[in-house]
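Examining the three-dimensional arrangement
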Amino acid sequence: IDATFDSNSNKVVLTYQDAGNSFYGTAVVGSVSGSSITFGTPVVFESDFVADVIPTHDVNANKVVISYRDIPNSQYGTAVVGTVNASNNSISFGSKVIFNSSGYTSVMAAVYDSTAQKIVIAWQDGGNQAYGTAIVGTVSGTSISFGSKVVFNSGVASAISCAYDSNSNKVVITYGDNGNSIYGTAIIGSVS
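The structure contained in this document is the topic of the report that follows. Since the model is a prediction, treat every value here as computed from it, not as a measurement. (Residues numbered from 1 in each chain as written. Predicted model: local features only at pLDDT ≥ 70, side-chain atom pairs only at ≥ 80, totals over all residues. Heavy atoms only, no water.)

Turning next to the pairing of strand β14 (residues 150-165). One ladder, built from four bridges, connects strand β12 (residues 131-140) with β14; its direction is antiparallel. Opposite Gly132, over in β14, you have Asn153 as the bridge partner. Pairing of β14 with strand β15 (residues 170-177) involves seven bridges; the strand directions are antiparallel. Across the sheet, the residue bridging to Asp165 is Lys170, located in β15. (Pairing = 2+ DSSP bridges. Helix = DSSP H or I, 4+ residues; strand = E, 2+ residues; numbered from the N terminus.)

Linkage of β14 to β15, two consecutive antiparallel strands, is achieved through a turn of four residues, within which Asn169 is found at a positive phi near 60 degrees. Pairing between β15 and strand β16 (residues 183-189): seven bridges, direction antiparallel. Paired with Tyr175 across the bridge in β16 is Thr185. Between β15 and the antiparallel strand that follows it, β16, lie five residues; Ser181 among them carries a positive phi value of about 60 degrees.

To continue, consider the side chain of Asp125. Inspection of the secondary structure puts Asp125 in strand β11 (residues 118-125). Other than its neighbours up to four places away in sequence, Asp125 contacts Asn100, Ser102, Tyr104, Ala130, Tyr131, Thr133 and Lys149. (Contact = heavy atoms within 4.5 Å.)

It is worth spelling out the packing of aromatic side chains at this point. For the structure shown, the criterion picks out six aromatic pairs. Note on Phe99 and Trp123: the rings are 5.1 Å apart at their centroids and 65 degrees apart in plane angle, and the pair reads as edge-to-face. Pair noted here: Phe99 is in strand β9 (residues 97-100) and Trp123 is in strand β11, with a separation of 24 residues, a long-range link. Neither Phe99 nor Trp123 differs from the other in exposure class; each is buried. Each ring, one from Phe99 and one from Phe146, has its centre 5.4 Å from the other, and the planes form 45 degrees; the classification is tilted. Of the two residues, Phe99 is situated in strand β9 and Phe146 in strand β13 (residues 143-146); the sequence distance between them amounts to 47 residues. Counting every residue linked through ring pairs, the aromatic cluster contains Phe45, Tyr68 and Phe93. (Phe/Tyr/Trp six-rings, centres within 6.5 Å; stacked < 30°, edge-to-face > 60°. Buried < 20%, exposed > 50% of the residue type's maximum accessible area, 1.4 Å probe, protein only.)

With that out of the way, let us pick up the pattern of salt bridges. Working definition: two side chains of opposite charge can pair if their charged atoms are close together. According to the stated counting rule, one finds four salt bridges in the structure shown. As a salt-bridge pair, Lys96 and Glu46 come within 3.0 Å of each other at their nearest N and O atoms. Of the two residues, Lys96 sits in the loop between β8 (90-93) and β9 while Glu46 sits in strand β5 (residues 43-58), which places them 50 residues apart along the sequence. Linking Lys149 and Asp125 is a salt bridge whose minimum nitrogen-to-oxygen distance equals 2.8 Å. Taken as a pair, Lys149 in the loop between β13 and β14 and Asp125 in strand β11 lie far apart in primary sequence, 24 residues in all. We classify Lys149 as partly exposed; its relative accessible area is 37%. (Salt bridge = Lys/Arg side-chain N within 4 Å of Asp/Glu carboxyl O.)

Turning our attention to the environment of Gly176. For Gly176, the position within the fold is in strand β15. Under the relative-accessibility criterion, Gly176 is labelled buried at 8%. Between the C-alpha atoms of Gly176 and Val156, which are 20 residues apart in sequence, the distance is 8.2 Å. Excluding its chain neighbours within four sequence positions, the residues that come into contact with Gly176 are Val156, Ala157, Ser158, Ala159, Ile182 and Tyr183.

Note that every value here comes from positions in space, so none of it alone points to a role or purpose.
Structure follows, in structure tokens:
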């Protein structure tokens, strides 16, 4: 399970692999009131076995972007754009888009760059020796398009995480560098 906050609708969106429904990719919208939370009806965004399900909120587009590994489809890295309906705690989705078709896509993380108004996804690219790799996505309507993927670590990258530094307008990617004693490592990304 992972979650993001949709600041446009003032709702939280939880995403997960639903083991009770063939491990389908599923999302549910939650509404917080005081110290309690109520949920709408869960919605399937991928009728396939998924893993590494990561939601991110695009503040400019007022959309939730879910990135995930589509296991039956060669474990490709895939993303889908969701629109939250605040009035009934529901979410609807556009068509899925593949951002990594080189093979096994895992250890994913994602963040929203509020200055560039872009989504940045980082992952371990199993189709390229498990190198740490990142890509920039642009949301338009209910779809997302991607630039070219970029290697940020020419070695196996594990435990990947992302954050956005709004003071310096940079993306920070942290990871375990398996080629260097699995040391905790950080690198700065500038989105163009």
